[in-house]
Amino acid sequence: QQQVKQSPQSLIVQKGGISIINCAYENTAFDYFPWYQQFPGKGPALLIAIRPDVSEKKEGRFTISFNKSAKQFSLHIMDSQPGDSATYFCAASIWFKAAGNKLTFGGGTRVLVKP
Amino acid sequence: DGGITQSPKYLFRKEGQNVTLSCEQNLNHDAMYWYRQDPGQGLRLIYYSQIVNDFQKGDIAEGYSVSREKKESFPLTVTSAQKNPTAFYLCASGTGGASGANVLTFGAGSRLTVL
């Protein structure tokens, strides 16, 4: 059962444009929502993250918008650059006292920024 | 440099053989994870471990086994019972604290191909 749904699967944007990736979750027990960036042949790396008590977080050209009532969150990449071409994953985390943290990922979005 | 080392990077296996993927970290992290990555399906959690000598099944544990005898090491065995083992396998580690404090660091991955 996929608990985090991500869309679109891929998108193409012109240099300088805005890339928008959306995610929806089902389990209201999730309490931390990170985004990871992955380049081909590499492991993912943390890009930006947000807690559900915050509606927006911005770091440089990357912004997360969070809508707790709708159980949705999105990543906006402003002024997209060719170097941003990568696969982006949203994720949601639950902490279990006995078992530890369980991080569930969305299906990923492949972003291509054209020069 | 601190990080996660996965080996081998590429592995070929005949059907019916067990194979073990190595994961070592020198980040002094408590928690370690194994994910499987298939095209279009994102990262799916196989097993995770919060502390030495304890581990939990993830969402797709069938056909896999792990051990956590040392804090630094979390090897994954892909058994012959795994019906479709060809995939990219990613190991990660984290501090293991409550959600929000547990940023995952990923290795570069191991690509397993069953012939």
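Above this text sits the structure in question.
A brief look at the structure comes next. (Residues numbered from 1 in each chain as written. Chains lettered and ligands numbered in written order. Predicted model: local features only at pLDDT ≥ 70, side-chain atom pairs only at ≥ 80, totals over all residues. Heavy atoms only, no water.)

### Quick notes on the nonpolar core
Next, step 1: Counting residues in hydrophobic clusters, the biggest one holds 25 residues, and the most contacted among them are I21, F30, F33, W35, F73, L75 and Y88 of chain A.
Next, step 2: When contributions to this core are tallied by element, the ones reaching two or more residues are β2 (10–14), β3 (19–25), β4 (33–38), β5 (45–50), β7 (62–67), β8 (72–77), β9 (86–96) and β11 (109–114) of chain A.
Next, step 3: At 5 residues, β9 of chain A tops the list of elements feeding residues into this core.
Next, step 4: The residues contacting F30 of chain A, other than those within four sequence positions of it, are Q3, V4, Y25, P52, A92, S93, I94 and T104 of chain A.
Next, step 5: Counting 19 residues, the second largest nonpolar core, distinct from the first, contains C23, M32, Y64 and Y89 of chain B. (Core = buried A, V, L, I, M, F, W, Y, C linked by side-chain atoms within 4.5 Å. Buried < 20%, exposed > 50% of the residue type's maximum accessible area, 1.4 Å probe, protein only. Helix = DSSP H or I, 4+ residues; strand = E, 2+ residues; numbered from the N terminus. Contact = heavy atoms within 4.5 Å.)

### As for the pattern of salt bridges
Where charged atoms from two side chains of opposite charge come close, those side chains can pair.
Next, step 1: In this structure the tally under the stated criterion is 6 salt bridges over all chains.
Next, step 2: Across the pair E59 of chain A and K57 of chain A runs a salt bridge whose closest N-O atoms are separated by 3.6 Å.
Next, step 3: For E59 of chain A, a relative accessible area of 37% corresponds to the partly exposed category.
Next, step 4: Across the pair D38 of chain B and R44 of chain B runs a salt bridge whose closest N-O atoms are separated by 2.8 Å.
Next, step 5: A relative accessible area of 28% places R44 of chain B in the partly exposed class.
Next, step 6: Connected through shared salt-bridge partners, R36, D38 and R44 of chain B make up one network. (Salt bridge = Lys/Arg side-chain N within 4 Å of Asp/Glu carboxyl O.)

### Remarks on the sheet that holds strand β1 (residues 4–7) of chain A
All names here are of chain A.
Next, step 1: Pairing is antiparallel across the open sheet formed by 5 strands, whose spatial order is β1-β3-β8-β7-β6. What marks the edges here is a single partner per strand, and that holds for β1 and β6 (56–59). Each adjacent strand pair in this sheet contributes to an overall mean axis angle of 15°, direction not counted.
Next, step 2: Inspection of the sheet shows β7 paired to β8 by 6 bridges, in the antiparallel sense. Directly across from N67, in β8, lies its bridge partner Q72. (Pairing = 2+ DSSP bridges. Axes fitted to C-alpha atoms, helices over the stretch in contact; angles between N-to-C directions.)

Read these as layout, nothing more, since geometry by itself doesn't imply function.
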